[in-house]
Amino acid sequence: MAISEPNPVPALAGSGSAYVTPSTSFGVFKRPVQSTGWRSWVFTVDHKKLGIMYGVVAMIFFIIGGVEALLIRLQLAAPNNKVLSAGAYNQMFTMHATTMVFLFVMPMAAAFANYLVPLQIGARDVAFPRLNAFGFWCFLFGGIFLNTSWFLGGAADSGWFAYAPNTALAFSPSHGVDFWALGLQITGIASLTGAINLIVTVLNMRAPGMSLMKMPIFTWMILVVQFLLLFAIPVITVALFLLSFQRNFGAAFFSVEKGADPLLWQHLFWIFGHPEVYILVLPSFGIVSEVLPVFSKKPLFGYKFVVFSGAAIGFLGWGVWAHHMFASGLGPVSVAVFSVATMAIALPTGVKIVNWTMTLWGGKLRFTTAMLFAVGLIIEFTIGGLSGVTHAVAPSDTQQTDTYYIVAHFHYVLFGGAVFGLFAGFYYWWPKMFAKMLNERLGKWNFWLMVVGMNLTFGPMHILGLQGQPRRMQVWTDFRAGEGFFNLAFWNRVASVGSFVLAIGVLMFLINVVYTTRTAGVAPADPWDARSLEWMTSSPPAEHNFDAIPTVHELDEFFHRKYEENEATGEIHQVSTYEEIMADEATRADKHIHLPSPSYWPIILALGLPLIAYGLIFARLLAVFGAVVVLLAMFGWSMEPSVADESDYDPPVDGGPTKELATLG
Amino acid sequence: MADVAVHTPPADGHDDHAHGHTTSTGLSNNKLAMWMFLGSECLLFGGLISTYMLYRGRHEGSPTPSQLYNIPLTSISSFVLLMSSLTMVLAVSAAQRRDDRNTMTWLTVTALLGATFVGAQVFEFTEFVREGLGFTTNLFGSSFFTLTGFHGVHVTVGIIMLMALVGMVSRSRIPGDKAEVVEMIGLYWHFVDIVWIIIFTLVYLIPS
Amino acid sequence: MSTQHATEVADAHEGHAHEGHAHDDGAHGHGLTDMGYVKVALVLALLTGLEVALTYVDIGSLFMPVLLILMVIKFVTVVSFFMHLRFDSKIFSWLFYSGLFLAVGVYLAALCTFQFFAGN
Ligand code: HEM
Ligand SMILES: [Cu+2]
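Residues numbered from 1 in each chain as written. Chains lettered and ligands numbered in written order. Predicted model: local features only at pLDDT ≥ 70, side-chain atom pairs only at ≥ 80, totals over all residues. Heavy atoms only, no water.

J.: Explain the coordination of the copper ion (ligand 2) to me, using residue names and the numbers behind them.
T.: Tetrahedral coordination by four donors sets the ideal angle at the metal to 109.5 degrees; octahedral coordination by six donors sets it to 90 or 180 degrees. Residues and elements named next belong to chain A. In this structure, H274 (ND1), H323 (NE2) and H324 (NE2) serve as the protein donors to the copper ion (ligand 2), at separations of 1.9 to 2.1 Å. Mapped onto the sequence, the donors of the copper ion (ligand 2) take the spacing H-x48-H-H. A separation of 4.6 Å is found between the copper ion (ligand 2) and the iron atom of ligand 1. For H323, a relative accessible area of 14% gives the class buried. Judged by its relative accessible area of 28%, H324 falls in the partly exposed class. (Donors = N, O, S within 2.8 Å, 3.2 Å for Na, K, Ca; no water. Buried < 20%, exposed > 50% of the residue type's maximum accessible area, 1.4 Å probe, protein only.)

J.: An account of the coordination of the iron atom of ligand 1 is requested, with residue identities and associated values reported.
T.: In this structure, the iron atom of ligand 1 receives exactly one donor atom from the protein: A:H409 (NE2), at 2.1 Å. With respect to the helices, strands and loops of the structure, A:H409 is situated in helix α12 (residues 404-434). (Helix = DSSP H or I, 4+ residues; strand = E, 2+ residues; numbered from the N terminus.)

J.: Kindly report on the interface of chain A and chain B, identifying the contributing residues and their values.
T.: Each partner contributes residues to the interface: chain A has 40 residues there, and chain B has 44 residues. Contact between chain A and chain B buries roughly 3700 Å² in total, counting both sides, with carbon and sulfur atoms accounting for 71%. Ranking the residues of chain A by area buried against chain B places A:F128, A:N204 and A:M639 at the top, with a combined share of 16%. Where chain A meets chain B, there are one salt bridge. Put simply, B:R58 and A:D261 hold a salt bridge, and the shortest N to O gap is 3.1 Å. Going through the elements one at a time, α4 (129-148), α5 (176-204), α6 (217-249) and α18 (620-639) of chain A are the ones with two or more residues in the side of chain A that touches chain B. The dominant element in the side of chain A that touches chain B, judged by the number of residues it contributes, is α6(A), at 10 residues. (Contact = heavy atoms within 4.5 Å. Buried area = accessible area lost by both parts, 1.4 Å probe. Salt bridge = Lys/Arg side-chain N within 4 Å of Asp/Glu carboxyl O.)

J.: Run through α6(A), naming residues and quoting values.
T.: All names here are of chain A. Between the first and last C-alpha of α6 there are 46 Å, a value that for 33 residues agrees with the 48 Å anticipated at 1.5 Å per step. Of all the bends in α6, the greatest, near 30 degrees, is centred on A232, and the proline P234 appears no more than four residues after it. Extensive coverage of α6 is indicated by the burial of 31 of its 33 residues. (Expected span 1.5 Å × (residues − 1). Bend = angle between axes of the 7 residues up to and from the residue.)

J.: So what about the domain arrangement of chain A? Which residues, and what values?
T.: Residue and element names in this part refer to chain A. For chain A, the assigned domains read domain 1 (1-43 + 524-594) and domain 2 (281-508). Spacing between the C-alpha centres of domain 1 and domain 2 amounts to 37 Å. Taken together, the contact between domain 1 and domain 2 spans 16 residues of the former and 20 residues of the latter. Surface buried jointly by domain 1 and domain 2 totals about 1500 Å² across both partners, of which 63% is contributed by carbon and sulfur atoms. Taken as a group, W528, R531 and W535 account for 45% of the area that domain 1 buries against domain 2, more than any other trio of residues on that side. For the pair domain 1 and domain 2, the number of links is one salt bridge. The salt bridge partner of D529 is K297, with a shortest N-O separation of 3.1 Å. (Domains from an automatic or database assignment.)

J.: Tell me about helix α13 (residues 440-466) of chain A, and name the residues and values.
T.: Helix length check: α13(A), at 27 residues, gives a terminal C-alpha distance of 39 Å against a target of 39 Å (1.5 Å per residue), a fit within 8%. Trailing α13(A) by a residue or two, A:G468 shows a phi angle of about 100 degrees, which is positive.

J.: Outline the nonpolar core, listing residues and values.
T.: Counting 317 residues, the largest nonpolar core has A:F112, A:W180, A:W265, A:Y428 and C:F96 as its most contacted members. Considering every element that reaches this core, the biggest residue donor is α6(A), with 23 residues. (Core = buried A, V, L, I, M, F, W, Y, C linked by side-chain atoms within 4.5 Å.)

J.: Outline the packing of helix α4 (residues 71-96) of chain B against helix α5 (residues 100-131) of chain B, supporting the account with residue identities and numerical values.
T.: Residues and elements named next belong to chain B. Packing of α4 against α5 brings their axes to within 8 Å, and their N-to-C directions diverge by 160 degrees. One finds that α4 runs roughly antiparallel with respect to α5. Handedness of the α4/α5 crossing: left-handed. (Axes fitted to C-alpha atoms, helices over the stretch in contact; angles between N-to-C directions. Parallel < 35°, antiparallel > 145°, perpendicular 65-115°, else oblique. Left-handed = near helix turned anticlockwise from the far one by under 90°.)

J.: Report on the UniProt feature "transmembrane region" (unreviewed entry) in chain B, specifying residues and quantitative values.
T.: Residue and element names in this part refer to chain B. Taking the UniProt record as the reference, the feature "transmembrane region" (unreviewed entry) is found at residues 32-55, 67-92, 104-123, 143-166 and 187-206. Here residues 143-166 is 100% helix and 0% strand, with 35 Å between the C-alpha atoms at its ends. Between the C-alpha atoms that bound residues 187-206 there is a distance of 27 Å. The span itself is 95% helix and 0% strand. (UniProt positions renumbered as here; feature names shortened; annotations may be inferred.)

J.: Please give an account of the site of ligand 1 that cites residues and values.
T.: Residues and elements named next belong to chain A. Around ligand 1, a shell composed of 22 residues is seen, among which W160, D397, T401, H409 and R471 lie nearest. In this structure, D397 approaches ligand 1 through a side-chain N or O atom, which is 2.6 Å from an oxygen atom. Within the side chain of R471, a nitrogen or oxygen atom sits 2.7 Å from an oxygen atom of ligand 1. Elements represented by at least two residues in the shell around ligand 1 include exactly α7 (263-296), α10 (369-392) and α12. Sorting elements by how many residues they give to the shell around ligand 1 places α10 first, with six residues. (Near = heavy atom within 4 Å. Polar contact = N/O pair within 3.5 Å; in protein donor to acceptor, adjacent residues only side chain to side chain.)

J.: Account for a nonpolar patch on the surface, with residues named and values stated.
T.: Residues and elements named next belong to chain A. Judged by side-chain polarity, F301, V354, M358 and W361 come together as a nonpolar surface patch covering roughly 430 Å² of accessible area. Turning to its location among the elements, M358 is positioned in helix α9 (residues 332-360). With relative accessibility at 31%, the residue M358 sits in the partly exposed group. (Patch = residues over 30% accessible without salt bridge, like charges linked within 9 Å, V, L, I, M, F, W, Y side chains within 5 Å. Areas by Shrake-Rupley, 256 points an atom, 1.4 Å probe, with all protein chains shown as cover.)

J.: Tell me about the packing of aromatic side chains, residues and numbers included.
T.: Residues and elements named next belong to chain A. Tallied over the full model, the rule gives 87 aromatic pairs over all chains. Pairing F145 with F179 gives two aromatic rings, centres 4.9 Å apart and planes at 40 degrees, and the pair type is tilted. Of this pair, F145 sits in helix α4 while F179 sits in helix α5, and the two are 34 residues apart along the sequence. The class of F145 is buried, set by a relative accessible area of 1%. Here K49 stacks its cationic end above the ring of W41, 5.3 Å away from the centre of that ring. Here the guanidinium or amino end of R531 rests over the ring plane of F559, the centre of that ring lying 4.0 Å away. (Phe/Tyr/Trp six-rings, centres within 6.5 Å; stacked < 30°, edge-to-face > 60°. Lys NZ or Arg CZ within 6 Å of the ring centre and 35° of its normal.)

J.: Give me the lowdown on the side chain of A:S284, citing residues and values where you can.
T.: Among the structural elements, A:S284 can be located in helix α7. Overall, A:S284 belongs to the buried group, its relative accessible area being 1%.

In structure tokens, the structure reads:
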């Protein structure tokens, strides 16, 4: 059993006994227990390392998706443009959306969730650390698999919602859609296992005293999102299976000539798809609900309302999917029902906006970059929410659907909502994760360029859409651009210019990261005067997160330990500092900590999946090989205890417990 | 599947009362995870069943469902699967009594019953193909084979887990709490059974 | 037996108070006796027999509802007894049944939009 001693305590009796036979897997491999070097990352099960890995990979996909977007806007920057052929254009917008949704926003939210949820609830890791690692590798390999389609005959070209029968072999003959369906299947596994893992973690591993209603709001929103994932992923799994069977095994599911209902696909996709949009945005709602109180020096206004409206959104989100299908001939009753349901969902969303505004009201506001992004979210998201309500009204939507107006709507909610929230999170938690403060001056540039850029890019799309420019249109001509203020040529150019401003804004962030990493000194441990438990430990936290598991008495526990309210005047005054609180906690430090040990199996198991997928597309034999890898990895996994034997660690040079033993647990 | 034994500490005979180990809810992580997985599977099978329901009448070019279905055969195999739930629960109960011999016996019987079910399904499929209903013949064929095939794969995965479990019990290779591992695989097995209860009625009995 | 996660502190008895819950997390002492399980299985077998028998006699428009009711009874019986939901924590039931009801809800609604129940 591995033992960690955060405080210098004499070596424990009995722990130094036997370093004899390494316990191995299949009698061959020694368990990977290194605490430094590449192995400490590749085989890690530490939620913080995995969180960072999720973040880095998601960022790379953000850049890829961003380049795809720029190519789209370049093509639309001038009449009769030839930057992209029609075929390439189709692939570009399909992969842009797929990348942004499945390979950037979702995993970036997973990055924050992985890193922060255990810290916010006062736990030492997630409930299933190896499953967590497995999820990350599924995401990475699934994402790579999807993108290799570019070099293997062309990427998917049927739009991110892949409507049947456009996905039929006759209309999309390359392997692109096969890659798309199988790749999303693999990343779906990541989401599903992650969801189960995080829900169990939140339900079961809270620090003593942390009841559900004392949980930080970010953790709450993540909990809601994981429930959405838990129940939405299997729906798209079904849809993707049907699609793969259709294309690879000749099934008839969407063959209209055989009497199929193409609407079946639309239903399955949007039953998943609408919960999905909340999966994308709720983590960011959670982030700004953490950021706004800290920089207003006030508790979140109506914490309970924010929690319940989040849960309500999660619940109602299941009953509105057909608003994406108003123009598909559902019939008047269905349209009316889903139209009303959609308007209803705007209510809990509005509640949140009110709560954030009231949090700001009368606060001591500090406009750091994190705060700017949070306030930016409130404004931009509201605009997107309002256009959403305009297409909740079915007759009006029949004019808007499949035009750029829709593109405007979802970019305001996704960029102005989800992405701004993530950026607020970067600036807010950077010092937590890396013990450095991102540069505020570059941060301001980052923010303002992004705000200006996004409004320049997506604002004109309202006009373009209402003027009738269809979505996914590859080329426009001067002849059809019209005249006057609302001519398509002008606004398309504005949007294209805007997209480059936006790109420079994002570039500022990357520059900031490099600059900060090179130059900044060590950040203070509690730089923002924060409120929740993740700040009540060192930055970055030690492998075991907390020397002593804190006992929780209040919502915003950390804040309440620092400050007290004067009963009479209502003034708050500081009673304790970070250092004092930490010193106090140190007196209770746990002496024996078992941390789960690294493992080969998660990455091996995940590696089998793309092998199966390539095999299905190119050579069935490879698929069989992949399946064997998966099966062996499962056996190895299930026979491996989660905590390594002492004997797996290298024998200590000086005879005492090794360094690895101490830090790795 | 993958979540079995993911996180149990080394089986060193600790008694949790002696150590005060508890989770916030007092429930086992593993069981919570398994129930969530099963809740999620409801939406998977729900989608497949709905697809079948939508398409079952579209059988141009093949015999109709009621001409094809062999109700006596399917009734027997349904009964076999149902009884495998009984033997599974007896295995769980033996495991909780720490009675390894009976655990292994009942697990083996469960796997055999499951294999019988899968065998009957393979037979049924080949019969259907012989009578003119293939996977690609029409919408009825595609959705029927997909639904029942998915269920069959679930049973097969269950059989593999049961056999692996027997092997691991006999060699004491299970890290952590043996009874709980048996119970978890039991939950999965019963779930596969209840899905079949639904399929049996909705697919086989009702259109007849 | 410890179902506890391995990252916990090995010997912290105190400070690990948990929110009021009355019972042990093990499965010991829950559920029926083996004989009880056999009886449940007998009932299930009888119900299955009844279902099959019903397909051979003509009971008119009652056929569908009766079969559906029998199906639900069998389902709930397996879930409650063999899967122990009756004896286990409410949280398990809550997790499982929310998935189940959600599935029934969304898929029935989707089938409705296809006019599936309008008589075909
Ligand atoms: C105030 C709440 C909202 C309402 C009432 C609303 C309403 C709608 C409606 C009716 C559509 C379908 C329009 C059409 O295709 O004709 C739509 C599309 C869309 N919405 Fe929203 N929405 C809301 C919030 C959100 C949020 C929060 C997100 C994501 C974070 C989002 C993302 C999307 C996306 C991605 C699409 C387009 C999907 C596609 O066709 O590719 N919406 N919205
Ligand atoms: Cu929607």
